[in-house]
Amino acid sequence: MRTWIEHLKMETKLDRPSWETYFMEIASLVAKRSTCIRRAVGAILVKDKRILATGYNGAPSGIQHCIDAGCMREQLHVASGQRHELCRGIHAEQNAIIQAAYHGASIKGATLFCTNLPCSICTKMIINAGIKKIYYQSGYADELSTNLLQEAHIECLKFKPDDHGEGS
């Protein structure tokens, strides 16, 4: 017969998410801060199981957000993954990299957890920042991004939620 402490430990361990699930759930929460009308994206940079920086897509600090100013890309009927320069926002991955730099955190060798596979612009920043692995939930309509990530040997893993977590 188990004591109540043994039962509690066993119950907690079974519900404990893996590190990948833990970080991806945080990235999903970060995405809720997005001010983009078209797509809410969240990203976190992790190294040695520690969060270095977070980012979501939205306008630069002090600039009117798309939810307030409207979306130029929407008005011009620009397809997803094209004409990034017609957006007032910064992508989640860019914001995470900028936040790490702003606060002096080295992201060389880090892992990116992102709700979407990065676009080609973000991918180029990821390559030069030294990020080595990406976990993502959904794809993105940008073939160049996929090709660049493969060429740079950055490991990209489509996230699969835990059935019951491993808690490692």
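Just so it is clear, the structure is predicted and the values come from calculations on it, not from any experiment.

A. Structural detail: the overall build of the protein. Broken down by element type, the protein carries seven helices and five strands. Walking the protein from its N terminus toward its C terminus, one meets helices and strands in the order α-α-β-β-α-α-α-β-α-β-α-β. Classification of the 168 residues of the protein by burial places 38% in the buried group. Here the protein displays about 10300 Å² of accessible surface, and carbon together with sulfur accounts for 53% of that area.

B. Examining helix H7 (residues 143–151) more closely. Between a side-chain oxygen at the N-terminus of H7 and the backbone nitrogen of Leu144 the separation is 3.3 Å; the capping residue is Asp142. After H7 finishes, the residue His153 shows a positive phi value of roughly 60 degrees.

C. Highlighting the pattern of salt bridges. Enumeration over the complete set of coordinates arrives at two salt bridges. One salt bridge connects Arg38 with Glu74, and the closest N-O pair in it is separated by 3.1 Å. With a gap of 36 residues between them, Arg38 in the loop between helix H2 (19–31) and strand S1 (42–47) and Glu74 in helix H4 (residues 72–75) connect regions that are remote in the sequence. Of the residues examined, Arg38 reaches a relative accessible area of 34% and is grouped as partly exposed. Residue classification places Glu74 among the partly exposed positions, given a relative accessible area of 42%. Glu155 serves as the salt-bridge partner of Lys133, at 3.8 Å between the closest nitrogen and oxygen.

Rules and cut-offs
- Residues numbered from 1 in each chain as written.
- Predicted model: local features only at pLDDT ≥ 70, side-chain atom pairs only at ≥ 80, totals over all residues.
- Heavy atoms only, no water.
- Helix = DSSP H or I, 4+ residues; strand = E, 2+ residues; numbered from the N terminus.
- Buried < 20%, exposed > 50% of the residue type's maximum accessible area, 1.4 Å probe, protein only.
- Areas by Shrake-Rupley, 256 points an atom, 1.4 Å probe, with all protein chains shown as cover.
- Polar contact = N/O pair within 3.5 Å; in protein donor to acceptor, adjacent residues only side chain to side chain.
- Salt bridge = Lys/Arg side-chain N within 4 Å of Asp/Glu carboxyl O.

Treat this as a map of the structure, not an account of what it does.
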